[in-house]
Amino acid sequence: MGRAFVYVIVGGGVAAGYAAHEFVKRGVSHGELCIISEETVISLSLSIYIYICVCVCVYICNVSVVVPVAPYERPALSKGYLLPEAPARLPSFHCCVGSNEERLAPKWYNEHGIELILGTRVKSADVRRKTLLTATGETISYKYLIVATGARALRLEEFGVNGSDAANVCYLRDLADADRLVNVMQSCSGGNAVVIGGGYIGMECAASLVINKLNVTMVFPEAHCMARLFTPKIASYYEEFYQSKGVKFTKGTVLTSFDFSPDGKVTGVNLRDGSKLPADMVIIGIGIRPNTSLFEGQLTIEKGGIKVNSKMQSSNSSVYAIGDVAAFPVKIVGETRRLEHVDSARKAARHAVAAIMEPEKTGEFDYLPFFYSRVFTLSWQFYGDNAGEVCHFGDFSGNSSFGAYWINKGHLVGSFLEGGTKEQYEAIAQATRVKPKVEDLAELERQGLEFALSV
Ligand code: FAD
Ligand code: NAD
Ligand code: ISD
């Protein structure tokens, strides 16, 4: 059995949602577009009882209902979703609310004639025949394919440590993970949480755990948190802020094993430096791997992702790739990169659809990398590339905003700002895009934010 579509998107995350929105804006016809996504969540837990007589009721079992999920804004999972009060829940954060546009609930896809094949894994792809085979045995054919399969969380077992399946060990990539994390967190209030990894997941989850009244220790191998982006000076500001909230840091080491209770829960975390941390729960955030396996051997792979050109087109001209899975030419830095951030996924999705539907009118994707995070009362944005020499500016005492510029080969290439206003963030973005010449770092430091505002 099989169905044929003009456009097929495999993967139903952020990039897929924004691509669908762009298809509709550009006038896709009913029945032309389909999205296939495996993502599901266990949504309902119904208790089933039977009545023996009018007043005797016997509990039989709990029934969990697996519900497929339409594209949503994944960033909500490590922020609003984990709040103890008024947490964000679907349908409030379906795409495209993250960029203040309309919210695409499942009904929207139906109204626009988009076929949502949800809760369904694509298990193989044949780019020569232009077909996909789903886990339900259906063959879906396409004229154009957009690969938006995102990434999966790296597991501890890939680093030689067992225990990922323990009931109180959590990862955070999708809604099902987030639900599980919330349940585990609520069952451990007042207890000890160990966060493995000092990147985005580690930092955002640690903040949420504190807000949920757990005692948090973060463990990571680097000398400071957010090592891929933060300078030691920026990191030390965040670490001191976290410490003021009660978070402890164990740096420069990794976990080697867990201790387990007789019922299989983790009770302790053993570290390479010989120390042991008591644990009522553990969150793992040790990076991701792009979901490229369907296309390995069929499409060119670079930097761990599907290599695409500036129209998001892969080495097969009918196949496009967007989001975490795509390695694309980042013109402003002059190299192919794979970015693991939502703004890139949203904009690449729109660009790919434009390139497919209006190829003559669509130029090169000229993307300025943009990363951000919000934790506790803090909020930062970064634009560009963190390469070259760093010049810090502003007030690191916590009383007002501060930031950093990166200067490479005499030009501003990257800008970071904590605690800025909308106008200030726009200014650092604009200045970074212009790449102004910088001759005197001391003068740049003295001018600080004024420099960006004057470009
Ligand atoms: P995803 O959103 O991961 O979607 C991929 C989809 O493809 C999934 O639904 C998956 O189930 C499906 N899929 C994969 N393989 C198959 C298959 N074979 N068959 C069918 N379906 C398949 N970025 C930021 O810039 N700011 C943030 O604040 C931020 N917060 C984040 C918080 C969390 C908890 C996480 C996990 C990520 C966060 N990110 C953030 C990163 C951002 O969410 C990703 O960059 C973005 O989701 C990438 O979009 P994508 O569509 O490429 O992949
Ligand atoms: P990451 O790459 O940000 O951080 C991984 C961290 O894992 C490293 O900083 C390191 O400290 C740690 N690590 C690596 N190997 C380790 C080991 N053996 N033992 C202990 N620690 C180890 O990845 P992440 O934090 O897992 O985030 C996953 C994905 O989610 C990323 O793509 C990220 O961009 C995305 N995300 C982004 C945001 C945001 O942009 N605000 C928020 C949440 C998640
Ligand atoms: O970009 C984002 C972000 O940081 C979120 O939390 O999108 C989500 C939505 O704003 C959630 O509503």
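Structure report, in brief. (Residues numbered from 1 in each chain as written. Chains lettered and ligands numbered in written order. Predicted model: local features only at pLDDT ≥ 70, side-chain atom pairs only at ≥ 80, totals over all residues. Heavy atoms only, no water.)

### As for the pairing of strand β12 (residues 215-220)
Residues in a regular strand project their side chains so that they alternate between the two faces of the sheet.
Alright, step 1. Among the six residues of β12, five are classified as buried, and the element is accordingly described as predominantly covered.
Alright, step 2. Here five bridges tie strand β11 (residues 192-196) to β12, and the two strands are oriented parallel to one another. Pairing of V195 across the sheet is with M218, part of β12.
Alright, step 3. As for the winding sense of the linkage, the β-α-β connection from β11 through helix α4 (residues 200-211) to β12 is right-handed.
Alright, step 4. Two elements, β12 and strand β13 (residues 248-251), share four bridges in a ladder whose sense is parallel. Residue pairing across strands places M218 opposite F249, the latter belonging to β13.
Alright, step 5. Crossover connection from β12 via helix α5 (residues 232-244) to parallel β13: handedness right-handed. (Buried < 20%, exposed > 50% of the residue type's maximum accessible area, 1.4 Å probe, protein only. Helix = DSSP H or I, 4+ residues; strand = E, 2+ residues; numbered from the N terminus. Pairing = 2+ DSSP bridges. Right-handed = clockwise from strand over helix to strand, strands pointing away.)

### Examining the packing of aromatic side chains
Any aromatic ring pair is given by two values, namely how distant the centres are and how the planes are angled relative to each other.
Alright, step 1. In the structure shown here, the tally under the stated rule is 28 aromatic pairs.
Alright, step 2. Where Y242 meets F376, the ring centres are 5.1 Å apart and the plane angle is 80°; that geometry is what we call edge-to-face. Residue Y242 is located in helix α5, and its partner F376 is located in the loop between β24 (370-375) and β25 (378-384); the two are separated by 134 residues in the primary sequence.
Alright, step 3. Positioned above the aromatic ring of Y81 is the side chain of R89, whose terminal nitrogen or guanidinium carbon lies 3.7 Å from the ring centre.
Alright, step 4. A cation over a ring is seen here: K233 above F396, with NZ or CZ 4.6 Å from the ring centre. (Phe/Tyr/Trp six-rings, centres within 6.5 Å; stacked < 30°, edge-to-face > 60°. Lys NZ or Arg CZ within 6 Å of the ring centre and 35° of its normal.)

### Side note on the sheet that holds strand β17 (residues 281-284)
Alright, step 1. Judged by pairing direction, the sheet is parallel, and its five strands sit side by side in the order β10-β17-β11-β12-β13 without closing on themselves. A strand with exactly one partner marks an edge of an open sheet, and here the two such strands are β10 (169-170) and β13.
Alright, step 2. Sitting on the sheet, α5 touches β12 and β13, and the angle it makes with β13 is about 135°. (Contact = heavy atoms within 4.5 Å. Axes fitted to C-alpha atoms, helices over the stretch in contact; angles between N-to-C directions.)

### Observations regarding the site of ligand 1
Alright, step 1. Neighbouring residues of ligand 1: 32 residues in total, closest E39, R74, K79, R173 and D324.
Alright, step 2. Taking A148, its main chain carries an N or O atom lying 3.5 Å from an oxygen atom of ligand 1.
Alright, step 3. Note that an oxygen atom of ligand 1 is positioned 2.8 Å from one of the side-chain N or O atoms of R173.
Alright, step 4. Protein coverage of the free-state accessible area of ligand 1, which is 1,000 Å², stands at 94%.
Alright, step 5. Those elements giving two or more residues to the shell around ligand 1 turn out to be α1 (14-25), β2 (33-37) and α6 (342-357).
Alright, step 6. Broken down by class, the residue content of the shell around ligand 1 amounts to 13 nonpolar, eleven polar and eight charged. (Near = heavy atom within 4 Å. Polar contact = N/O pair within 3.5 Å; in protein donor to acceptor, adjacent residues only side chain to side chain. Areas by Shrake-Rupley, 256 points an atom, 1.4 Å probe, with all protein chains shown as cover. Nonpolar A, V, L, I, M, F, W, Y, C, P; charged D, E, K, R; others polar.)

### Remarks on the side chain of H224
Alright, step 1. You can see H224 is positioned in the loop between β12 and α5.
Alright, step 2. For H224, the contacting residues outside a window of four places in its chain are F230, T231, P232, A235, E239 and K251.

### Considerations on the site of ligand 2
Alright, step 1. Residues in close proximity to ligand 2 total 21 residues, the closest being I201, E222, G287, E340 and Y372.
Alright, step 2. Here G198 contributes a backbone N or O atom positioned 3.0 Å from an oxygen atom of ligand 2.
Alright, step 3. Y200 is positioned with one of its backbone polar atoms (N or O) 3.1 Å from an oxygen atom of ligand 2.
Alright, step 4. Contributing elements (two or more residues each) for the shell around ligand 2: α4 and β24.
Alright, step 5. By residue number, the principal contributor to the shell around ligand 2 is α4, which donates three residues.
Alright, step 6. Taken together, the residues of the shell around ligand 2 sort by class into ten nonpolar, seven polar and four charged.

### Observations concerning the nonpolar core
Alright, step 1. Among the nonpolar cores identified, the biggest contains 136 residues, and M218, F230, Y238, M281, F295, I322 and F416 are the most heavily contacted of them.
Alright, step 2. Excluding residues within four positions of it along the chain, M281 makes contact with N168, C170, L181, V184, M185, C188, N192, A193, V194, L209 and L214.
Alright, step 3. Ranked by size, the runner-up nonpolar core spans 18 residues in total, among them V161, V169, V219 and V282. (Core = buried A, V, L, I, M, F, W, Y, C linked by side-chain atoms within 4.5 Å.)

### Remarks on the sheet that holds strand β27 (residues 402-408)
Alright, step 1. Here we have five strands laid out as an open sheet, ordered β24-β25-β28-β27-β26, and antiparallel in their pairing. In the strand order of this sheet, the two ends are held by β24 and β26 (389-394), each with one partner. If you compare each strand with its neighbour and ignore which way they point, the axes differ by 15° on average.

### Some points on the pairing of β24
Alright, step 1. Counted residue by residue, β24 has five buried out of six residues, so it is predominantly covered.
Alright, step 2. With antiparallel pairing between neighbouring strands as the criterion, β24 and β25 make up a hairpin whose turn holds two residues, including F376 at a positive phi of roughly 50°.

### Digging into the side chain of D324
Alright, step 1. Of note, D324 is situated in the loop between β21 (319-321) and β22 (326-330).
Alright, step 2. Setting aside residues up to four positions removed in sequence, D324 forms contacts with G150, A151, R173, I288, P290, R338, L339, E340 and H341.

### Considering α1
Alright, step 1. In this model, α1 (twelve residues) spans 17 Å end to end at C-alpha, consistent with the 16 Å of a helix rising 1.5 Å per residue.
Alright, step 2. Counting buried positions along α1 yields eleven of twelve residues, so the element is predominantly enclosed.
Alright, step 3. Within the span of α1, buried status applies to V14, A15, A16, G17, Y18, A19, A20, H21, E22, F23 and V24. (Expected span 1.5 Å × (residues − 1).)

### Some thoughts on unusual backbone geometry
A negative phi angle is the norm for most residues apart from glycine, just as the trans form is the norm for most peptide bonds.
Alright, step 1. Between L90 and P91 the backbone carries a cis peptide bond, its omega angle lying at 15°.
Alright, step 2. Along the polypeptide, P91 turns up in the loop between β4 (56-68) and α2 (106-111).
Alright, step 3. For N100, which is not glycine, the phi torsion reads 55° and is therefore positive.
Alright, step 4. Relative to the helices and strands, N100 is located in the loop between β4 and α2.
Alright, step 5. Using a relative accessible area of 75% as the deciding quantity, one classes N100 as exposed.
Alright, step 6. Even without a glycine there, the phi angle at K213 is positive, about 70°.
Alright, step 7. Assignment of secondary structure puts K213 in the loop between α4 and β12.

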